[in-house]
Amino acid sequence: MIRCERVGWEIEGKTVLDDISLTVGQGEVLGLIGPSGSGKSSLIRIMDLLVTPTSGRLWIDSTEVTAGRVDLVGLRRRMGIVFHRPAVFSGDVRRNVSIGLGLRGIRGDDARLLVEETLEMVGLAGFGPRRASSLSGGELQRVAIARSLVTRPTVLFLDEPTANLDPLSTRVVEDVVRKARSDLGTTIVMATHDLDQGQRLCDRLAVMAAGRLVQVGSPPEIFYRPGTSEVARFVGAGNLVEGTVERMDRGVAFVRTTGGLLAVAVHAPVSGTVTVAIRPEEIVLSRGPAGPAGSPNHLSCRVTGVDTDGPLVRVHLDCGFPLIALVRRLTFVALALEPGQEVSAAFDPNGAHLIARA
Amino acid sequence: MVNEILDGLTKAAELIITLDPEVIEITTRTLVISLSSTLLATLIAVPAGGAISLSEFRGRRALLFLIQTLYSVPTVIVGLLLFLLCSSSGPLGPLRLLFTPTGMVLGQTLLILPILLGLTVTTLDGLDRGLHDTLVSLGATWSQRLLLLLREARFALLAAVTLGFGRAISEVGVAIMIGGNIRGYTRVLTTAISLETSMGNISLSLALGIILLALALVVNLGVNLLQGGGRR
């Protein structure tokens with residue numbers, strides 16, 4: 001459907017995108033995740049043909065866009081984009097939604113029917129005669145999605161569609177995205193820095209950092225088997241512990257760290273210096289002893305700090321290396337955790353991931 | 001002085017109420033010439049300004065700077081330039097535009113063209129960038145994009161046109177140098193005021209001035225009503 005081959009984009013000597021190779025399949029929902037300024041929006045603008053890459057090649061279906069002499073308007077009419085800050089045209093919602101239809105010469109009853117159908121799909125049935133500028137941020141975003149979907153695009157690009165919305169509006173917009181995919185079979189490429197949203201909506205995630213594509217994979221792959229420390233840090237595998245592989249035994253690597261021996265399940269043999277990524281929610285805390293002396297993954301720690309993280313509590317520990325554990329509030333209360341207290345931390349070898357040093 | 005103003009007001013009321021034929025004729029001519037030049041300048045400036053706004057080219061900033069500099073070109077300079085161009089030995093001499101209402105329309109058009117052109121570019125450039133991007137992404141052709149963006153900017157453009165009309169109706173340099181203030185043919189309100197003042201008819205000058213102001217007021221009121229109605 002869309003293929004980028006070594007795509008790069010430079011503006012005034014500054015590299016915005018570098019060596020991006022990526023394929024988006026028909027009907028797929030692909031999420032571009034990464035910190036602000038990592039190039040997600042720029043890549044979306046290139047794929048939506050709003051800007052031309054300065055290097056590399058880009059295909060939309062079988063048409064190589066970068067080859068020149070291409071009907072850009074025709075290609076753009078097969079796609080749609082929703083920006084994080086929706087543009088509002090003067091007039092009512094109906095006019096805002098039907099602009100793309102007007103550009104294609106679709107007017108009258110055909111247009112009216114499509115607009116009503118699409119407004120219903122985005123949960124704005126009956127909003128047609130309302131002044132667009134009087135709508136809330138969430139409603140405006142849905143109008144922007146309707147404006148793109150009304151032309152029945154084969155690909156829909158969403159650039160941080162819920163960045164400025166409250167949680168309730170975010171859920172509504174997410175439902176609309178799901179419907180677009182299930183009811184219309186639309187291929188969707190969305191940029192988001194909301195990791196949970198990426199997990200909820202996407203078949204695959206592409207992690208970007210500093211204009212480069214760092215890792216592409218399914219959400220579980222990205223979240224539980226990050227390819228680099230950078231990705232691990234971004235996806236919240238907040239504990240990154242340096243160590244050296246001491247030995248391998250039946251699919252488990254034993255890693256010597258400053259805090260003791262850690263056992264990590266691996267799919268292939270590893271050696272040398274590595275980083276152990278441990279997700280905070282995989283760590284179990286207890287008040288008892290840390291297990292047999294020197295047994296792997298049983299760490300004697302001291303609580304250094306505590307803060308809340310939504311419904312969970314984030315416990316900062318010193319286990320010979322800094323470690324963060326996420327525990328439920330009930331567990332936190334039961335353990336009566338407070339700074340300075342000795343505590344045991346443990347995790348399953350399958351709950352950690354090994355990142356080989358490049 | 002107060003008496004002269006009061007006399008002027010009384011005279012103006014008298015001239016308007018009695019529909020003084022000469023005043024009506026001068027006022028009508030003033031309106032026709034200024035509206036024609038505003039219309040002509042709008043027809044040129046809006047598409048040209050749109051083209052400049054939607055294009056990226058070398059020297060764009062320099063061109064805008066030049067246009068903005070021309071906002072304040074003295075009317076007598078435009079009058080002089082056009083006089084030289086339209087005089088019998090000038091390149092436009094064969095068109096016999098000198099001392100004609102057509103020549104005055106041309107002169108006023110040239111005078112207000114930079115204002116309308118510059119303000120069109122500034123207005124379109126100032127629109128939300130998201131509108132441009134949304135239209136491009138929806139598959140708008142260049143001309144579709146221009147038309148839709150002009151529609152979005154219509155109230156600001158209307159204000160620019162009003163400003164241009166204000167400059168055209170109030171200028172005296174072009175009107176006198178190209179029109180020549182010929183009674184019954186090229187005399188307009190500003191040239192009539194100039195003539196009557198030089199002849200010492202201060203009351204009549206004031207009356208004509210009040211009519212000129214009233215015209216500007218009516219046009220502005222009309223524009224404001226249009227803008228207000230459109231935004232509701």
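As shown above, the structure is provided for reference.
In this text the structure is predicted, and so the values were computed from the model without any measurement.

Engineer: Before we go on, may I ask you to explain the overall build of chain B in this structure?
Structural biologist: Within chain B, the regular secondary structure consists of eleven helices and zero strands. Each helix (α) and strand (β) of chain B, taken in turn from the N terminus, gives the series α-α-α-α-α-α-α-α-α-α-α. Principal axes of the C-alpha set define a box for chain B whose edges measure 65 × 50 × 25 Å. Going through the 232 residues of chain B one by one, you find that 46% of them count as buried. Long-range pairs, those at least 24 residues apart, make up 75% of the contacts in chain B between residues at least 6 apart in sequence. Surface exposure of chain B reaches about 11600 Å², of which carbon and sulfur atoms provide 70%.

Engineer: Just checking my understanding: could you explain the nonpolar core for this structure?
Structural biologist: Residues and elements named next belong to chain A. The biggest cluster of nonpolar side chains holds 39 residues, and the ones touching the most others in it are V97, L119, I188 and I222. Per-element tally for this core: the top contributor is helix α5 (residues 137-149), with six residues. Excluding residues within four positions of it along the chain, V97 makes contact with V115, L119, V143, A146, R147 and V150. Counting 34 residues, the second-largest nonpolar core is a separate cluster that includes I2, W9, V189 and M208.

Engineer: Would you mind showing me how to read the packing of aromatic side chains here?
Structural biologist: Each aromatic ring pair is summarised here by two numbers: the centre-to-centre distance and the angle between the ring planes. Applying the stated criterion across every chain yields a total of one aromatic pair over all chains. Centroid distance F83(B) to F99(B): 6.5 Å. Interplanar angle 65°. Geometry classified as edge-to-face. On the criterion of sequence distance, the pair formed by F83(B) in helix α4 (residues 75-86) and F99(B) in the loop between α4 and α5 (101-125) is long-range, its members being 16 residues apart. Its relative accessible area of 35% is what places F99(B) among the partly exposed residues. Positioned above the aromatic ring of W59(A) is the side chain of R3(A), whose terminal nitrogen or guanidinium carbon lies 3.9 Å from the ring centre. Here R247(A) stacks its cationic end above the ring of F254(A), 4.0 Å away from the centre of that ring.

Engineer: In this structure, what is going on with the packing of helix α2 (residues 21-54) of chain B against helix α8 (residues 154-170) of chain B? I would like to understand it.
Structural biologist: Two numbers describe a pair of packed helices, the interaxial angle and the distance between the axes. Residues and elements named next belong to chain B. Between α2 and α8, the least distance of the axes is 9 Å, while the angle of their chain directions is 135°. Here α2 lies oblique to α8, going by the angle between them. The crossing of α2 and α8 is right-handed. Residues T30, L31, S34, L35, S37, T38 and T42 of α2 lie in contact with α8, whose contacting residues are V161, F165, A168 and I169.

Engineer: Looking at this structure, I do not really get the pattern of salt bridges. What am I missing?
Structural biologist: A side chain with one charge may pair with a side chain of the opposite charge, provided their charged atoms come close. Residues and elements named next belong to chain A. For the coordinates displayed, the defined rule picks out 28 salt bridges over all chains. A salt bridge links R6 to D19, with the shortest nitrogen-to-oxygen separation between them at 2.7 Å. Of the two residues, R6 sits in strand β1 (residues 2-11) while D19 sits in strand β2 (residues 14-24), which places them 13 residues apart along the sequence. In this structure R6 comes out as exposed when scored by relative accessible area, which is 55%. Judged by relative accessible area, D19 falls into the partly exposed class, the value being 28%.

Engineer: Teacher, can you tell me more about the packing of α5(B) against α8(B) here?
Structural biologist: Residue and element names in this part refer to chain B. Put simply, α5 and α8 touch, their axes get as near as 9 Å, and they point 160° apart. Judged by the angle between their axes, α5 and α8 are roughly antiparallel. Where α5 crosses over α8, the two elements pack in a sense that is right-handed. Facing Q108, L111, I112, I115, L116, L119, T120 and T123 of α5, the residues of α8 in contact are A156, L157, A160, V161, L163, G164, R167 and A168.

Engineer: It is not clear to me how the interface of chain B and chain A should be interpreted in this structure. Could you clarify?
Structural biologist: Counting residues at the interface gives 20 residues for chain B and 21 residues for chain A. Between R95(A) and E152(B) there is a salt bridge, with the nearest N and O atoms lying 3.1 Å from each other. Where the side of chain B that touches chain A is concerned, the elements lending two or more residues are α6 (129-137), α7 (142-152) and α11 (202-231) of chain B. With seven residues, the single largest contributor to the side of chain B that touches chain A is α6(B). Of the residues belonging to the side of chain B that touches chain A, the class tally is six nonpolar, seven polar and seven charged.

Engineer: How should the pairing of strand β16 (residues 298-309) of chain A be read in this particular structure?
Structural biologist: Consecutive residues of a regular strand have side chains that alternate between opposite faces of the sheet. Residue and element names in this part refer to chain A. Looking at chain direction, β16 and strand β19 (residues 342-346) are connected through five bridges and run antiparallel. Directly across from H298, in β19, lies its bridge partner A346. The pairing of β16 with strand β17 (residues 312-318) spans seven bridges and is antiparallel. Each residue of the ladder has a partner; that of V303, found in β17, is L317. Hairpin connection between β16 and β17: a loop of two residues separates the two successive antiparallel strands, and G310 in this loop has a positive phi of roughly 65°.

Engineer: Would you mind showing me how to read the side chain of T38(B) here?
Structural biologist: Residues and elements named next belong to chain B. Note that T38 resides in helix α2. There is a polar contact of 2.6 Å between the side chain of T38 and the backbone oxygen of S34. For T38, the residues in contact, after removing those within four places along its chain, are I112, L116, V161, F165 and A168.

Engineer: Just to check I follow, could you spell out the sheet that holds strand β6 (residues 79-82) of chain A for this structure?
Structural biologist: To summarise the sheet geometry, strands pair through backbone hydrogen bonds and adopt either a parallel or an antiparallel arrangement. All names here are of chain A. Read from one edge of the open sheet, six strands run β6-β7-β8-β3-β9-β10, paired in mixed fashion. Two strands lie at the open edges of the sheet, namely β6 and β10 (212-217), each paired on one side alone. For this sheet the average axis-to-axis angle between neighbouring strands, irrespective of direction, equals 15°. Bridge count between strand β9 (residues 204-209) and β10: five bridges; the pairing is antiparallel. Bridging across to β10, A209 finds its partner in R212. Strand contacts of α5: β6 and β7 (155-159), with the helix running at about 170° to β6, the strand carrying the most contacts.

Engineer: Which parts of the structure should I look at to understand the sheet that holds β17(A)?
Structural biologist: Residue and element names in this part refer to chain A. A sheet is described by the order of its strands in space; here five strands give the open sequence β15-β19-β16-β17-β18, paired in antiparallel fashion. One side of each edge strand has no neighbouring strand; the edge strands of this open sheet are β15 (284-286) and β18 (322-328). Pairwise comparison of adjacent strand axes, ignoring direction, gives a mean angle of 45° for this sheet.

What counts and what doesn't
- Residues numbered from 1 in each chain as written.
- Chains lettered and ligands numbered in written order.
- Predicted model: local features only at pLDDT ≥ 70, side-chain atom pairs only at ≥ 80, totals over all residues.
- Heavy atoms only, no water.
- Helix = DSSP H or I, 4+ residues; strand = E, 2+ residues; numbered from the N terminus.
- Buried < 20%, exposed > 50% of the residue type's maximum accessible area, 1.4 Å probe, protein only.
- Contact = heavy atoms within 4.5 Å.
- Areas by Shrake-Rupley, 256 points an atom, 1.4 Å probe, with all protein chains shown as cover.
- Core = buried A, V, L, I, M, F, W, Y, C linked by side-chain atoms within 4.5 Å.
- Phe/Tyr/Trp six-rings, centres within 6.5 Å; stacked < 30°, edge-to-face > 60°.
- Lys NZ or Arg CZ within 6 Å of the ring centre and 35° of its normal.
- Axes fitted to C-alpha atoms, helices over the stretch in contact; angles between N-to-C directions.
- Parallel < 35°, antiparallel > 145°, perpendicular 65-115°, else oblique.
- Left-handed = near helix turned anticlockwise from the far one by under 90°.
- Salt bridge = Lys/Arg side-chain N within 4 Å of Asp/Glu carboxyl O.
- Nonpolar A, V, L, I, M, F, W, Y, C, P; charged D, E, K, R; others polar.
- Pairing = 2+ DSSP bridges.
- Polar contact = N/O pair within 3.5 Å; in protein donor to acceptor, adjacent residues only side chain to side chain.

On their own, these measurements won't tell you what the molecule is for.
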